[in-house]
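# Descriptive structure summary
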Amino acid sequence: MSSPEPYVSSASMVETAWRYLNRTKSQELLIRSTCLIFIYLLAFSVRLFSVLRYESVIHEFDPYFNYRSTIALVQDGWYEFWNWFDSESWHPLGRVVGGTVYPGLMFTAAILYRISNFLTACIKLRDICVFTAPFFSGNTAMIAYLFGKELKDPETGLVAAALMAIVPGYISRSVAGSFDNEAVAIFALVTTFYLWVRAVNQGTVASAVLAAFAYLYMAASWGAYVFISNLIPLYVIVMFVSGRYHRKIYVAYTTFWAVGSILAMQVRFIGFNHVVSNELFAFNGVFVALQAWEGLVFLRTKLGSRQFGQLVYLVAVGAASTGAAAVAFLTLSGKLNPWTGRFWTLLDPTYAKKFIPIVASVSEHQPTTWASYMFDLHMLVFAGPAGLYYCFKKPTDGTIFLITFALTAIYFSGIMVRLMLVAAPAFVLLSAISISSTLQAATKELRTAPTGDSAASAAADASAAPKKRAISKRGPEEAPLTSKRGPNIAVLLMVGFAMTSYAGHCIWVTSEAYSSPSIVLISGWGPHRHVLDDFREAYYWLRHNTAPQSKVMSWWDYGYQITAMGNRTVIVDNNTWNNTHIATVGRAMASNETEAFKIMRQLDVDYALVIFGGMSGYSSDDINKFLWMVRIGGGVFPVVKESDYLANGDYTVSSKGTPTMLNCLMYKLCYYDFGQIMTEQGKGTGYDRVRNYEIGNKDVKLDHLYEAFTSEHWIVRIYRVKDLENRF
Amino acid sequence: MLGDIVKAFSDEYKKTPVRVKVIDAFLVYALATAAVQFAYMMLVGTFPFNAFLAGFLSCVGFFVLTVCLRMQVDPTNKDFSGISPERAFADYCLANLVLHLVVWNYMG
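Keep in mind the model is a prediction, meaning the values are calculated, not measured. (Residues numbered from 1 in each chain as written. Chains lettered and ligands numbered in written order. Predicted model: local features only at pLDDT ≥ 70, side-chain atom pairs only at ≥ 80, totals over all residues. Heavy atoms only, no water.)

The next subject is the pairing of strand E13 (residues 716-721) of chain A. Residues and elements named next belong to chain A. Taking burial as the measure, the six residues of E13 include five buried ones, the bulk of the element. Looking at chain direction, strand E7 (residues 607-611) and E13 are connected through five bridges and run antiparallel. Bridge pairing in E13 links Tyr607 to Arg720. Where strand E12 (residues 705-710) meets E13, five bridges bridge the pair, whose relative direction is antiparallel. Within the sheet, the bridge partner assigned to Tyr706 lies in E13 and is Arg720. Two successive antiparallel strands, E12 and E13, enclose a turn made up of five residues, where Trp714 displays a positive phi of approximately 60°. (Buried < 20%, exposed > 50% of the residue type's maximum accessible area, 1.4 Å probe, protein only. Helix = DSSP H or I, 4+ residues; strand = E, 2+ residues; numbered from the N terminus. Pairing = 2+ DSSP bridges.)

Within the secondary structure, His378 of chain A sits in the loop between helix H21 (370-377) and helix H22 (380-393). Not counting residues up to four positions away in its chain, the partners in contact with His378 of chain A are Tyr373, Ser501, Tyr502 and His505 of chain A. (Contact = heavy atoms within 4.5 Å.)

All names here are of chain A. On the surface, a cluster of nonpolar side chains totalling about 640 Å² of accessible area is made up of Trp78, Phe107, Ile111, Ile115, Phe118 and Leu119. At four residues, helix H7 (residues 104-118) tops the list of elements feeding residues into the nonpolar patch. Counting through the fold element by element, Leu119 comes out in the loop between H7 and helix H8 (125-151). For Leu119, a relative accessible area of 58% puts it in the exposed group. (Patch = residues over 30% accessible without salt bridge, like charges linked within 9 Å, V, L, I, M, F, W, Y side chains within 5 Å. Areas by Shrake-Rupley, 256 points an atom, 1.4 Å probe, with all protein chains shown as cover. Salt bridge = Lys/Arg side-chain N within 4 Å of Asp/Glu carboxyl O.)

Once that is clear, we can look at the nonpolar core. Grouped together as the largest cluster of nonpolar side chains are 241 residues, with contacts concentrated most on Trp196, Tyr253, Phe405 and Tyr671 of chain A. Aside from chain neighbours lying at most four places away, what touches Tyr671 of chain A is Phe612, Ile623, Val653, Asp688, Arg691, Ile695, Val700 and Arg717 of chain A. Among the nonpolar cores identified, the runner-up in size contains five residues, and Leu303, Phe308 and Leu311 of chain A together with Ile5 of chain B belong to it. (Core = buried A, V, L, I, M, F, W, Y, C linked by side-chain atoms within 4.5 Å.)

Here we come to the interface of chain B and chain A. Counting residues at the interface gives 38 residues for chain B, matched by 38 residues for chain A. The contact between chain B and chain A buries some 3,200 Å² in all, and 79% of this surface belongs to carbon and sulfur atoms. Taken together, chain B and chain A are joined by zero salt bridges. Looking at the side of chain B that touches chain A, the elements with two or more residues in it are helix H1 (2-13), helix H3 (49-73) and helix H4 (85-107) of chain B. Ranked by the residues each element gives to the side of chain B that touches chain A, the list is headed by H3 of chain B, at 15 residues. Partitioned by chemical class, the residues of the side of chain B that touches chain A number 26 nonpolar, six polar and six charged. (Buried area = accessible area lost by both parts, 1.4 Å probe. Nonpolar A, V, L, I, M, F, W, Y, C, P; charged D, E, K, R; others polar.)

What follows concerns the pattern of salt bridges. Residues and elements named next belong to chain A. Throughout the structure, instances matching the rule amount to 27 salt bridges over all chains. For Arg691, the salt bridge is made with Asp621, and the minimal N-O distance between the two is 2.8 Å. Of this pair, Arg691 sits in the loop between strand E10 (687-688) and strand E11 (693-694) while Asp621 sits in the loop between E7 and helix H32 (622-636); the two residues are 70 residues apart in sequence, bridging distant segments of the chain. Note on accessibility: Arg691 and Asp621 belong to one class, buried. Via salt bridges that share partners, Arg173, Asp180, Glu182 and Arg418 belong to a single interconnected network.

What follows is about the domain arrangement of chain A. All names here are of chain A. Along its sequence, chain A is carved into domain 1 (13-179), domain 2 (181-306), domain 3 (344-448 + 486-513) and domain 4 (531-721). Using C-alpha coordinates to define each centre, domain 1 is positioned 22 Å away from domain 3. Buried area between domain 1 and domain 3, both sides added, is near 2,300 Å², and the carbon and sulfur share of it is 75%. Of all residues in domain 1, the largest losses of buried area upon contact with domain 3 belong to Leu151, Leu163 and Pro168, amounting jointly to 27% of the total for that side. One can count zero salt bridges joining domain 1 with domain 3. Here domain 1 and domain 3 share six residue pairs in polar contact (both at pLDDT 80 or more) between them. Secondary structure elements with two or more residues in the side of domain 1 that touches domain 3: helix H3 (49-53), H8, helix H9 (154-166) and helix H10 (168-171). Here the residues of the side of domain 1 that touches domain 3 are counted per class, giving 14 nonpolar, three polar and five charged. (Domains from an automatic or database assignment. Polar contact = N/O pair within 3.5 Å; in protein donor to acceptor, adjacent residues only side chain to side chain.)

What follows is the structure, encoded as structure tokens:
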């Protein structure tokens, strides 16, 4: 060991490194950085299952539209994209894409593409789009670390990062290939919340401006920005009500409001909604209320108590009357935008089912079951409420914010499965607090010398007690569990076991449930493995074998995929902005062939496309979705009655089905030529492998369409609409 | 009643330092400009709405930022003990720059 000299040291490099590493602070920094690097790599790699099993392909439906928009952005430039009118969808209406899209995701992918090209790593745009989500989930884990650090200490941050990296609720919408808004929006959400808590803690204007920029990114990326702009005012109100209001909150909130509002209004889709919509009423209202409060406080320092009392009386009367009059006038004259249907669904879960069938039909909008909570959160379901306890025990500004966030997120996640995505970060942070506190308390005694023997009975008692009861027996957090080593080690082992099983569960869930691309299907195992690539086969057939100006009619689920891969104009797509147009298509699918032909002539349809699972056993086909078509069509055109398609209340296409059902266009297009096929050994011809019975009408004849293409496993069937017949 | 209030207020207000009074004058100017814009909008109508919003929100915005500055440089405010007046002013300039850039973009 060389003598410690200030500047010139004769120690070798190894000795210097060893001396450096022996200092606790450097060790801590090294451990932390290594952990964070591994967490980042883990967050990225766990999402790559589908890329490894199938290929680097974009999944599902919505991402295809985002992909197509990104291509348009990269090829045509920002100005063209911002003003893009898409005439290839919603024929003949078209769609103003520039004004109805959240551009954050496309913009991010385009920037990543330009950066990688600039650095001469010429990655294809499709691969950039596929890997945007895992890249940003790694970033979210890093922000979770910073958030945990801001809430409590760096140890909490590390646990938060580790939990966030693999929580299944987040993975479900951010696997490689899931190029959807949530991929960057959850990153923006956690960042905005982190920067907000930081702004409240620091009280500087600059930190609030930074939070406003994060809010801009969130507003540009996802429609759930209204969650942020309602949660933050709610937090201010909570701080008021709990008597913890201070001037730093005023600075943070008003700066956030002033800069954030005007930034968010730059997004065309949001526009004026930010000041006139009812959804953002709380956001603006709390701002006004804060000004009034601070004004009154200012006046109180300047006036005597009697004058102040008189002033308060005058102001209260005046404000109440003008406020009521203004709200009444604005609402009655229609200047305030009404709440949207999606918003009402959040307060009354049965609203959509009763009034808006198209919102009710989306599978992601179904209520959440208890099983989903366990599936998506596993151990966090138990550690989350424990974290709530810790937050209440030692409330700071940051933890009160976390409490508000968690409680609202839990409530909303109970309404819609899709909102589990928002609850996942809340659970992660709460669990991080509870796990970190437990571990810190347990290890505190272990770092000092053991003060007593671990008596076997005491150790056995402590290990036998369940983890939660052991935690609640402790007093203040700094005091360790007991001074004996045994129980502390037992707690450590239990937490270690819980974390290990959590990790195992998350990876299993990712592998089994959340990594299917939906566009490529695989059946069978090992040597009998069979890939069904029917979708892409059919869309590329469309792309190469039909006239460029052809219009394709299908159910709205497939619109984005058809425009992106088939490059043809569609009648309706997943944007579902025009319910009447969708109802027209639904009516066409549900009518008999002659009626449907009239509607198709009206809409200029050249090709009709249906998805059929009866041959392959693919269960998300159009016959299973058919009742939704009838309901949506019937919602606008009363001539389509749901009862006509149900035999004794049962939905069936077997011989017991109603004549309306067995002669409608959807039935004919799906089962054309199917009646002669033997699908399963031992059953008759025309045995539908999804519905598990033989079909009713086996002899389907088409007058106004002819079959153009059927994919290999009959999953996608395309029919050409014939021209009108000659007069003679 | 109103006269009493105004008199009590102005008596107390005379005691504030001149630097703070300058900031307060600026605040009054900001509010007055916002009021004028609002009155003009009521008279002439809201088209183009983005221009009105840009102008109005810019006034409200820098009013609010100036109030924050006033709070932060006030030595009796214990909440902001860690922030020096120079830092507060630098933040103020930065925030105003951002606000007016965005307003300029939004005016159309």
